[in-house]
Amino acid sequence: MLKRNSVTYKNGWNYFQLEKFMSKEQLGGFNCAVVEYNNYLNQDALRSWDDHIAFTLLLREKETKSISAYMSLIADAIKISVSEKELHSLKYPFKTIPAMKIAKLAVDNEAQEKYKGIGSFMIHIAKSFAISCNKRYMACRFLSVDADIEHNSSVLNFYEKNSFLVNEELYNKNRKTISMRRDIYC
């Protein structure tokens, strides 16, 4: 059995480099368990960038130069209830709070076998981007995600392990995704 390397936010940069997805020439060989996510990267991510809809980042393994993961980030605003605002010590009359959404997050099958923690490392990167955005451009209090339970029933556990909470205000048991948030300052 192949020993998996553990990736953390402290050592991840020893294994990987991050790059903006700007050209089809950057692609090659990415394959995750969800066909829809493979198709998005190969067919829609560049168009989303050109249309100013989503910003896609590729996580490339330094040793092999292969794409180990990708994520697309977009601007968002989430509705949270009074009790959820209290949980985050937000004393504002507004129901909607600014967020940066992880619109897509996918890890390559081979990379998942070789490394443990790539998805969590990607969330750390998203959090860093959100904090940087706050310092330079505009306010952003949360990371948000629509956890895709249709394609992966354990994804909820993954996001909860990474400090995401279900958004009560947007919760619906009949949805294929579950809206979640993570306070970037906790």
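Residues numbered from 1 in each chain as written. Predicted model: local features only at pLDDT ≥ 70, side-chain atom pairs only at ≥ 80, totals over all residues. Heavy atoms only, no water.

A separate point is the overall build of the chain. Counting secondary structure elements, the chain contains 6 helices and 9 strands. For a compact globule of 186 residues, the expected C-alpha radius of gyration is about 16 Å, and the chain comes in at 17 Å, within 12% of that figure. Considering the chain as a whole, with its 186 residues, one finds that 45% of them fall into the buried category. In the chain, the share of contacts with a sequence separation of at least 24, taken over all contacts with a separation of at least 6, comes to 68%. In the structure as shown, the chain presents an accessible area of about 10600 Å², 51% of it carried by carbon and sulfur atoms. In the chain, 27 positive and 21 negative side-chain charges are present, and the distance between their average locations comes to 7 Å. (Helix = DSSP H or I, 4+ residues; strand = E, 2+ residues; numbered from the N terminus. Rg over C-alpha atoms; globule rule 2.2 N^0.38 Å. Buried < 20%, exposed > 50% of the residue type's maximum accessible area, 1.4 Å probe, protein only. Contact = heavy atoms within 4.5 Å. Areas by Shrake-Rupley, 256 points an atom, 1.4 Å probe, with all protein chains shown as cover. Lys, Arg positive; Asp, Glu negative; His and termini not counted. Charge placed at Lys NZ, Arg CZ, Asp CG, Glu CD.)

So, on to the packing of aromatic side chains. All told, the structure shown has 11 aromatic pairs when counted by the stated rule. Among the aromatic residues, those joined into a ring-pair cluster are Trp13, Tyr15, Phe16, Tyr115 and Phe121. A cation over a ring is seen here: lysine 104 above tyrosine 40, with NZ or CZ 5.5 Å from the ring centre. (Phe/Tyr/Trp six-rings, centres within 6.5 Å; stacked < 30°, edge-to-face > 60°. Lys NZ or Arg CZ within 6 Å of the ring centre and 35° of its normal.)

Here the focus is the sheet that holds strand S7 (residues 142–148). Pairing is mixed in the open sheet, where 7 strands are placed in the order S2-S3-S4-S5-S7-S9-S8. The sheet terminates laterally at strand S2 (16–20) and strand S8 (165–166), the two strands that pair on one side only. Of the pairings in the sheet, the one linking S7 to strand S9 (residues 177–183) comprises 7 bridges and is antiparallel in character. Pairing of aspartate 146 across the sheet is with serine 179, part of S9. This element, helix H5 (residues 118–136), spans S2, strand S3 (55–61), strand S4 (67–79), strand S5 (96–107), S7 and S9 of the sheet and lies at about 145° to S5. (Pairing = 2+ DSSP bridges. Axes fitted to C-alpha atoms, helices over the stretch in contact; angles between N-to-C directions.)

Looking now at the pairing of S9. Of all 7 residues in S9, 7 are buried, a share of seventy percent or more. Residues Thr177, Ser179, Arg181 and Asp183 of S9 are buried on one face, and the alternating residues Ile178, Met180 and Arg182, pointing to the opposite face, are buried as well. Sheet analysis places S8 next to S9, joined by 2 bridges and oriented antiparallel. When the bridges of S9 are listed, leucine 165 appears paired with arginine 181.

Assignment of secondary structure puts aspartate 148 in strand S7. Despite being buried, aspartate 148 has no salt bridge partner; lysine 104 is the closest side chain of opposite charge, sitting 6.2 Å away. A polar contact of 2.5 Å, which involves the side chain of aspartate 148, links it to the side chain of tyrosine 37. Apart from residues lying up to four places away in sequence, aspartate 148 is in contact with Tyr37, Val155, Lys176 and Thr177. (Salt bridge = Lys/Arg side-chain N within 4 Å of Asp/Glu carboxyl O. Polar contact = N/O pair within 3.5 Å; in protein donor to acceptor, adjacent residues only side chain to side chain.)

What follows deals with the pattern of salt bridges. Per the counting criterion, the structure on display carries 8 salt bridges. Among the ionic pairs, glutamate 36 bridges to lysine 104, the shortest N-O distance being 3.5 Å. Residue glutamate 36 is found in helix H2 (residues 35–50), and its partner lysine 104 is found in strand S5; the two are separated by 68 residues along the sequence. For the salt bridge of lysine 101 with aspartate 146, the shortest nitrogen-to-oxygen distance reads 2.9 Å. A residue pair is termed long-range when its members are at least 10 positions apart, and lysine 101 in strand S5 and aspartate 146 in strand S7 qualify at 45 residues. The exposure class of lysine 101 is buried, given its relative accessible area of 14%.

This part takes up the nonpolar core. Within soluble globular proteins, side chains that are nonpolar generally end up buried alongside one another. Ranked by internal contacts, the top residues of the largest apolar core, which has 32 residues, are Ile118 and Tyr159. Looking at this core, the elements with two or more residues in it are S3, S4, S5, H5, S7, helix H6 (155–161) and S9. Ranked by residues supplied to this core, first place goes to H5 with 8 residues. With sequence-adjacent residues up to four places away left out, tyrosine 159 is seen in contact with Leu105, Ile123, Val145, Ala147, Phe164 and Met180. Listed in part, the 15 residues of the second largest apolar core include Phe21, Cys32, Val34 and Leu58. (Core = buried A, V, L, I, M, F, W, Y, C linked by side-chain atoms within 4.5 Å.)

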